[in-house]
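Read off the chains here:
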There are 2 protein chains.
Amino acid sequence: MDIKRIAKDTTKVLVSYLTYQAMRTVLAQLSETNPPLALWLHHFSGQGTIQDGELYLQALLKENQELAFRIMTVREHLAESVTEFLPEMACTDIKQANVGHRRQQLERITQLTTTDASPQPEPVQDSESSLDNLPG
Amino acid sequence: MDIKRIAKDTTKVLVSYLTYQAMRTVLAQLSETNPPLALWLHHFSGQGTIQDGELYLQALLKENQELAFRIMTVREHLAESVTEFLPEMACTDIKQANVGHRRQQLERITQLTTTDASPQPEPVQDSESSLDNLPG
């Protein structure tokens, strides 16, 4: 498992996603202050390059430098205020989701087994009523 | 700027991407140990649900429980070993990329200006020869 390469690839995805969120933040601000410019940014950002944050900014710099600089400033702020929470949130979410998947699978298998066998007085899934509150 | 919502959305994207990287890791292992199963997983994972890690695992659990459990274990390990580096890597990458974009823009504007004006004995971009080494 190449942890270093995976960390690098994940950072690239993360940076592009934060760039997208910065664009959405600026878009929300513009829709209050300058609707025509908001509409222009909305159309520009729908052209596909937003998948790669750097290509998107390179293209935007050629069309509207001020907007590009604004999105760059916002994504830097987002990186500083959001990323510190990600390690714990991601680890917790994955552990909880994995527990949820394993319980659902156990429930599914148990249901299949009890359907195949003769009726049971006390179905196993009754003790799993908290399943509905589990993620995914 | 709704930092809490953005952190939550970013975590979801991060978890799905780590699930994708876990699938790729298992795929690489299988291509050594069990090529037919690797081919099956490759086809299964190309059906689009991989965009949402939890939907992908739910679908895979119905088809091949063992593979799904294996990917779940790998993504948990990835989250523990990769995410701790992400805050610093993302902040550094964004800062460096922003500096790069600003320099390139400055260079572009300067080139446009010097092209418009009469020839200069010492073009400004000569002092920016390290630009080639800057990120995207």
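Up top is the structure these notes are about.
The written sequence of each chain sets the order in which its residues are numbered from 1. In the order they appear in the text, chains get letters beginning with A and ligands get numbers beginning with 1. Whole-chain, interface and lining totals are the exception, using all residues; otherwise, since this is a predicted model, local features are given only for residues with pLDDT of at least 70 and side-chain atom pairs are given and counted only at 80 or more. Heavy atoms from the whole structure form the basis of all side-chain values; hydrogens and water molecules are not counted.

(A) The interface of chain A and chain B, seen in detail. Listed as interface residues are 54 residues of chain A and, on the opposing side, 54 residues of chain B. In total, chain A and chain B occlude about 5000 Å² of area from one another, counting both sides; carbon and sulfur atoms represent 69% of this. Summed over the three residues of chain A that lose the most area to chain B, namely Met1(A), Ile94(A) and His101(A), the buried surface amounts to 12% of that side. One speaks of a salt bridge when a side-chain nitrogen belonging to Lys or Arg is within 4 Å of a carboxyl oxygen belonging to Asp or Glu. For the interface between chain A and chain B, the tally reads two salt bridges. Note that Glu80(A) and Lys95(B) form a salt bridge whose closest N and O atoms lie 3.3 Å from each other. What qualifies as a polar contact is a pair of N or O atoms within 3.5 Å, subject to a donor-acceptor requirement within protein and to the restriction that residues adjacent in sequence count only when both atoms come from side chains. The interface formed by chain A and chain B holds 14 residue pairs in polar contact (both at pLDDT 80 or more) in total. Of all the secondary structure elements, the ones that give two or more residues to the side of chain A that touches chain B are helix H1 (3-33), helix H3 (53-63), helix H4 (65-82) and helix H5 (86-116) of chain A. Nonpolar residues are Ala, Val, Leu, Ile, Met, Phe, Trp, Tyr, Cys and Pro. Charged residues are Asp, Glu, Lys and Arg, and all others, Gly as well, are polar. Among the residues making up the side of chain A that touches chain B, the classes are represented as 25 nonpolar, 15 polar and 14 charged. Note on definitions: a residue-residue contact is assigned when non-hydrogen atoms from the two residues lie within 4.5 Å. Accessible surface is computed with a 1.4 Å probe, and the buried area is the amount of it that two parts give up when combined, taken over both parts together. Secondary structure elements follow DSSP: runs of H or I of four or more residues count as helices, runs of E of two or more count as strands, with numbering from the N terminus.

(B) Quick look at the layout of surface pockets. Cavity and pocket criteria rest on a 1 Å grid covering protein atoms alone: a 1.4 Å probe that fits but cannot get out defines a cavity, protein on both sides within 12 Å along at least 5 of 7 lines defines an open pocket, and an atom within 4 Å of a point defines a lining residue. Grid points are joined across faces, edges and corners, and a volume is the space filled by probe spheres set on the points. Taken as a whole, the largest pocket holds about 580 Å³ of empty space. Lining of the largest pocket is provided by 14 residues; of these, Val13(A), Gln51(A), Val13(B), Tyr17(B) and Gln51(B) occupy positions nearest its centre. When contributions to the lining of the largest pocket are tallied by element, the ones reaching two or more residues are H1 of chain A together with helix H1 (3-33) of chain B. Counting residues per element, the lining of the largest pocket draws most heavily on H1(B), which supplies five residues. Across the lining of the largest pocket, the residue classes break down as eight nonpolar, four polar and two charged.

(C) Fine view of the nonpolar core. Counting 60 residues, the largest nonpolar core has Leu41(A), Tyr56(A), Ile71(A), Leu41(B), Tyr56(B) and Ile71(B) as its most contacted members. For Tyr56(A), the contacting residues outside a window of four places in its chain are Thr19(A), Met23(A), Leu41(A), Phe44(A), Ser45(A), Thr49(A), Ile50(A) and Ile71(A). The criterion is simple. A nonpolar core is a set of buried Ala, Val, Leu, Ile, Met, Phe, Trp, Tyr and Cys residues joined through side-chain atoms within 4.5 Å. Buried residues are those whose accessible area, probed at 1.4 Å on protein chains only, stays under 20% of the maximum for their type, while exposed residues exceed 50% and partly exposed ones sit between those limits.

(D) The arrangement of the packing of H1(A) against H1(B) in detail. Here an axis means a line fitted to C-alpha atoms, over the contact stretch when the element is a helix, while the angle between two N-to-C directions is reported on a 0 to 180 degree scale. Contact geometry of H1(A) with H1(B) gives a least axis separation of 10 Å together with a crossing angle of 150 degrees. It follows from the interaxial angle that H1(A) and H1(B) lie roughly antiparallel. When the axes of H1(A) and H1(B) are compared, the crossing they make is right-handed. Between H1(A) and H1(B), the residues in contact are Arg5(A), Ile6(A), Asp9(A), Thr10(A), Val13(A), Leu14(A), Tyr17(A), Leu18(A), Gln21(A), Arg24(A) and Thr25(A) and Arg5(B), Ile6(B), Asp9(B), Thr10(B), Val13(B), Leu14(B), Tyr17(B), Leu18(B), Gln21(B), Arg24(B) and Thr25(B), respectively. Oblique is the label for any angle not under 35 degrees, not over 145, and not in the 65 to 115 range, which are roughly parallel, roughly antiparallel and roughly perpendicular in turn. By definition, any crossing whose near helix is turned counterclockwise from its far helix by less than a right angle is left-handed, and any crossing with a clockwise turn is right-handed.

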